[in-house]
Every structure is written in structure tokens, then in C-alpha cells.
Amino acid sequence: EYATSYTAPPTVSIAEKSYTGPATVIIQGLGIGMLSCVPPVLCVVVAILAAHALMGVYGIAVCAVGMLSTLGVTLATDAFGPVADNAGGIAEMSEEVSDKTRDTTDSLDALGNTTAATGKGFAIGSAVLTALALMNAFADAVGLDQVNLLDEVVLPGIILGAALPFVFAALTMLSVGSAAESIIYECRSQLNEKWERGAPLDSQKCVDICTTESVKEMVIPGLLAIFTPVVVGLMIGPRSLLGLLAGSISSGFLLAVMMSNAGGAWDNAKKYVGKGMLHPENKHPKKTDEYKAVVVGDTVGDPFKDTSGPALNILIKLMSVVSLVIAPLMTTNGGDDPTGNWPKNRWWHGLIILGVLSIFVFAYYTVIGSMATLHDKEDIDQKAKTRKNAKEMQNRGSMGSLKSLEGKTIEEGAKVEEKILTHREAKAPTTV
């Protein structure tokens, strides 16, 4: 709450960095997000130590259930933000409401970002405690009472596990970027068609692109979360898989907290500047360069707090559950014999699964890549440039030029516009 509240010093510091452009806004937001990891980590560490001292591993599991028992409050706080945000969007599109209504919904949306960050903190903390209890259950299922960190397979497993949340977050971020790019070009294409032929705008196409891209892009992250424990466990063994779980829980917890808090802080920094609190004397704060800078930060923060951050909770818990399910496969007799008798000749089972998955991923991206060409980007950009130049001519009062463009296609309009600009340059006085 402190890191994301739009009147608290962390968020205000991000807004003040807008004086020097969007780069410093992003740098400050990342720093605030990283520092915000310290208090939750300390709280979770104290909770784990206290629960284990009282009741052992069972105490940790009960502690996780206790955090999950706040599900009703967590859902309410998470739902508050999107409801307020959508209400603000409706108010902005409606011509019947005043600017004061939009200001009110902006304040509610800013509060919603803070409540959402608080709810995500509860979800992340409970996910870590749940995954820790499941990891202990997995160790018990494979007969591992203790693991030596100096073991030749444990440390590589920890490093690999620590890298998985970054890979998972990168895939989700890239998916958001790809879907956003497709929607942008669809909007440009429709605006070009409206300028050229007066075609009506169709928002349903943008919704279709968003939902289709979401379904397509979730396949690879899902396979990563499910089959990574299977491949590591079968190829290297249960000790390495235990290290994998420990590394993914540690780095996933920190990355999820950082992304959620940084995204909320960026969003509320935009609200802070947009409400005129950075320049109280300015009656149009949303038309300043400072507001443009914080909008860039908010654009980066949205996939942070709404996509990658919450998705890491699923990664942590799903990998722990999958590991516990396949635990009997990593003993010599379905769990009856000690794990110390783990046969070294079973590595090829995991290698076969890894090979099949690699072929599937390559084929999937090949097919998706061939289907992903929805728009002719160069043609759309050229037409959009011509359309924007025509609007600039309109703003300058070039009514005669506009009349010459009416009823013409984009290509014909470009030729007419070029002739007009050439004629103006020829009449312009030469200065030395």
C-alpha cells in the first residue's frame, strides 16, 4: 500500500521524475519496485520461522491456509480496481457526464490500484507458503530427509529454477507486446479506411484479436510450467528437482512482488500528474510533457502488474503440484524403495520428453508465425502518415487543400498533398 498509494512518497517521486522524461520515470519505478520487495520478504521469513518453530511443516501449511482464508476480502479488493477503471472509461466516452465525474472515477481507480497491489501481496505470500508446504511433501514422498547444497545436482537445479520465473515473465510480456501491436495496426487500418471510404469503426475486431492472441500465447508458458519439473526430475533426479523448486519459489516471489508494486506505482504516478497535483496552477495537466512521460511508465507498468506479476503465482504453485504428482516416478519401486537407489539409466525418459516438446514448440511457433501476418504494416503506416498530414493541414486552416482531398483515395490524396506542398515551397520567400 505504501509503495503504490498515489499520495505516498514513492509514487510522488516517480511523478517528479517526469520533468526529465520517460526514461527516468521507468528507472525510478523499477527502483521503487525492487525496494518494495524487502518488507514482504521479511514478513514471510518471520512467518515461516514462527510457524515451523510452533508446529513444524504442518504449521507452515496451516499458515498458508490462514492467508488463503482471506479470499473474500482479497477478491473484493482485486475487483474494486477494474470496476472503477471501467467506470472511468465509460464516463470518458460518454458525452452526458461532466469532467468532474471523470476526476472522481480517476480517484477511485487510483485507490483501486493500491487495493489491487495489496490483494496481490496476499496472493503472492500465500502462494509461497503453499509451495513451500508442497515442496516438503514432495521431499517426503521421494524419501529425502535432507539435501546437501554442495551436491553436484542441487545447485544447478537451484540456478535453473531461479531462471524459470524470468523466462515465464518474459514470455507473458512479449505476448502482451505482440497483441498490443496487432491491435494498434488494426486501429490504424480502420482509421485509414474511415478516412478513405467513410467505413464505420468496428471495435469487435480489436476484441477478437485480443482474445485470440491471449489463447495462442498461453500455450508455451503452460507447457513450461508443467513439463519442466517432469524433464528435470526424470533426467537428473529428485534432488535436482528439489533445488529447482527452491530456486523458482525464491526468485518467483521477489519478481512477482517487484512487478506488481512497480506497475501499481507507475499507474498511480500517472493519476498524480493527471489530476494536476504536480502542477496545481495548470488547468490542463494532461496536455503537458510530464503527463506524456508518466503515460509511458504506465504503459510499461500495465503488463507488469496485470499479467506477468500475477502469473508467477500460478507458475510457483503449479510446478510444486506437478512435482508432487510425479514423485512416484522418481523412486525405484513407485515410492517403496529409498531414493538413494535412483537408477542413472532413466535419464533418457526425460530426454525423449524434452525432444518431443522441442519439436512441438518449434512447429507451434512456425505455424503461429505464418498465421500472424494480419496486416500489411508498411502500407498501413504510409496511409496513416498521409492521414495525419491531412489532419495537420486541417488544423492550419487549409480548407482549400482539404476540399481537393475529399472523395479521393489515400494514394490520390498523397499525390495531391505533395503537389500542394511543392507549390507552397515554390512561393515561399528565400531567406539567407
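Residues numbered from 1 in each chain as written. Predicted model: local features only at pLDDT ≥ 70, side-chain atom pairs only at ≥ 80, totals over all residues. Heavy atoms only, no water.

## So, the layout of surface pockets
Just so we agree on the cut-off: Every definition here rests on a 1 Å grid over the protein atoms only: cavities are sets of points where a 1.4 Å probe fits but cannot get out, pockets are open sets enclosed by protein on both sides within 12 Å along at least five of seven lines, and lining residues have some atom within 4 Å of a point. Grid points are joined across faces, edges and corners, and a volume is the space filled by probe spheres set on the points. Helix and strand definitions here come from DSSP, where helices need a minimum of 4 consecutive H or I residues and strands a minimum of 2 consecutive E residues; each element is numbered from the N-terminal end.
Space inside the largest pocket adds up to approximately 570 Å³. Lining the largest pocket are 23 residues, with E1, S36, P40, G121 and N261 positioned closest to its centre. Sorting the residues of the lining of the largest pocket by element identifies α2 (22-35), α3 (38-68), α5 (99-141) and α9 (238-274) as the ones contributing at least two each.

## Some words on empty space enclosed by the protein
Quick note on the threshold: Amino acids outside the nonpolar list (Ala, Val, Leu, Ile, Met, Phe, Trp, Tyr, Cys, Pro) and the charged list (Asp, Glu, Lys, Arg) are all regarded as polar, and Gly is one of them.
Under the defined criterion, the tally for this structure stands at two cavities of 30 Å³ or more. Roughly 30 Å³ of volume is contained in the second largest cavity. Around the second largest cavity sit N113, A116, A117, K120, S260, G264 and K305, which together line it. Those elements giving two or more residues to the lining of the second largest cavity turn out to be α5 and α9. Across the lining of the second largest cavity, the residue classes break down as two nonpolar, three polar and two charged.

## Considerations on helix α4 (residues 71-93)
Formally: Helix span, as expected, comes to 1.5 Å for every residue beyond the first. Only protein chains enter the calculation, and the probe is 1.4 Å; a residue is then buried if its accessible area is under 20% of its type maximum, exposed if over 50%, and partly exposed in between. Pairs of residues are marked as contacts when any of their non-hydrogen atoms sit within 4.5 Å.
An ideal rise of 1.5 Å per residue puts 33 Å on 23 residues; α4 measures up with 34 Å between its terminal C-alpha atoms. T74, G81, A84, G88 and A91 are the residues of α4 that are buried. Buried residues along α4 sit in contact with α5.

## Side note on the environment of L129
On the secondary structure map, L129 appears in helix α5. Sequence separation between L129 and V45 is 84 residues; the distance between their C-alpha atoms is 9.9 Å. Among residues more than four places away in sequence, those in contact with L129 are V44, I48, I60, C63, A64 and M67.

## Concerning the pattern of salt bridges
For clarity, the threshold we go by: A pairing counts as a salt bridge when a side-chain nitrogen of Lys or Arg comes within 4 Å of a carboxyl oxygen of Asp or Glu.
One pass over the full model with this rule turns up ten salt bridges. One salt bridge connects K120 with D306, and the closest N-O pair in it is separated by 3.5 Å. Highlighted residues: K120 in helix α5 and D306 in helix α10 (residues 289-325), separated in sequence by 186 residues. When its relative accessible area of 46% is taken as the criterion, D306 is described as partly exposed.

## A word on the packing of aromatic side chains
Heads up, the rule is: A pair of aromatic rings is counted whenever rings of Phe, Tyr or Trp (Trp by its six-membered ring) have centres within 6.5 Å, and the orientation is called stacked for planes under 30 degrees apart, edge-to-face for over 60 and tilted otherwise. Criterion for a charge above a ring: Lys NZ or Arg CZ within 6 Å of the ring centre, and within 35 degrees of the ring normal.
Tallying each qualifying case throughout the model produces one aromatic pair. Here W266 and F304 contribute two aromatic rings whose centre-to-centre distance is 5.6 Å and whose plane-to-plane angle is 75°, an arrangement assigned as edge-to-face. On the criterion of sequence distance, the pair formed by W266 in helix α9 and F304 in helix α10 is long-range, its members being 38 residues apart. Summarising the burial analysis for this pair, W266 and F304 share the class buried. In this arrangement the basic side chain of R188 is found over the ring face of Y185, its NZ or CZ atom lying 5.4 Å from the centre.

## Some remarks on a nonpolar patch on the surface
Which entries qualify depends on this criterion: Patches here are clusters of residues that have more than 30% relative accessible area and form no salt bridge, with a 9 Å joining cutoff for like charges and a 5 Å cutoff for nonpolar side chains (Val, Leu, Ile, Met, Phe, Trp, Tyr). Using a 1.4 Å probe, the Shrake-Rupley method yields the accessible areas, and only the shown protein chains count as cover for residues.
Together, W347, W348, L351, I352, L354 and V356 make up a nonpolar patch on the protein surface, roughly 580 Å² of accessible area in all. Residue position: W347 is located in helix α11 (residues 347-371).

## Brief notes about the confidence of the model for the protein chain
Put simply, the rule reads: pLDDT: the predictor's confidence for each residue, scored from 0 to 100.
The share of residues in the protein chain with pLDDT of 70 or more is 86%, and the mean pLDDT across the chain is 82. Contacts of residues 333-341 to residues separated by more than four positions or lying in other chains number eleven contacts, the stretch itself having pLDDT below 50. A low-confidence stretch, residues 427-432 (pLDDT under 50), is modelled with zero contacts involving residues beyond four sequence positions or located in other chains.

## Overview of α10
Note: α-helices contain 3.6 residues per turn, so residues at a spacing of three or four share the same orientation. Cut-off, in case you're wondering: Given a residue, its bend is the angle between the two axes fitted to the seven residues that end at it and to the seven that start from it.
For α10, which comprises 37 residues, the first-to-last C-alpha distance of 54 Å matches the rise-based estimate of 54 Å (1.5 Å per residue) to within 8%. The sharpest bend along α10 measures roughly 35° and falls at F304.

## Here we look at the packing of helix α6 (residues 154-197) against α10
Cut-off, in case you're wondering: Axis definition: a line fit to C-alpha positions, over the contact stretch in the case of helices; interaxial angles, taken between N-to-C directions, run 0 to 180 degrees. Working definition: roughly parallel below 35 degrees, roughly antiparallel above 145 degrees, roughly perpendicular at 65 to 115 degrees, and oblique for all remaining angles. Less than a right angle of anticlockwise turn of the near helix away from the far helix marks a crossing as left-handed, whereas a clockwise turn marks it as right-handed.
For the pair α6 and α10, the least separation of the axes is 9 Å and the interaxial angle reads 140°. Taken together, α6 and α10 sit at an angle that is classed as oblique. In this structure, α6 meets α10 at a crossing whose hand is right-handed. Contact with α6, carried on its side by L164, P165, F168, A169, T172, M173 and V176, involves P303, F304, T307, S308, A311, L312, L315 and M319 of α10 and no other residues of that element. For the contact of α6 with α10, a count of residues per class yields twelve nonpolar, three polar and no charged.

## Some points on the side chain of K305
For clarity, the threshold we go by: Pairing of N or O atoms within 3.5 Å defines a polar contact, subject to two protein rules: one partner must be a possible hydrogen donor and the other a possible acceptor, and residues neighboring in sequence count only if both atoms are side-chain atoms.
Residue position: K305 is located in helix α10. A distance of 3.1 Å separates polar atoms of two side chains, one belonging to K305 and the other to D306. Excluding its chain neighbours within four sequence positions, the residues that come into contact with K305 are N113, K120, M259, S260, G263, G264, D267 and P310.

## Considerations on the nonpolar core
Within soluble globular proteins, side chains that are nonpolar generally end up buried alongside one another. The following threshold applies: Nonpolar cores were defined as sets of buried Ala, Val, Leu, Ile, Met, Phe, Trp, Tyr and Cys residues, with membership established by side-chain atoms within 4.5 Å.
Counting residues in hydrophobic clusters, the biggest one holds 66 residues, and the most contacted among them are I14, F138, F168 and M258. Take this core: its biggest share by element is 17 residues, from α9. Setting aside chain neighbours within four positions, we find F138 in contact with P238, L241, L242, L245, S323, L324, A327 and M330.

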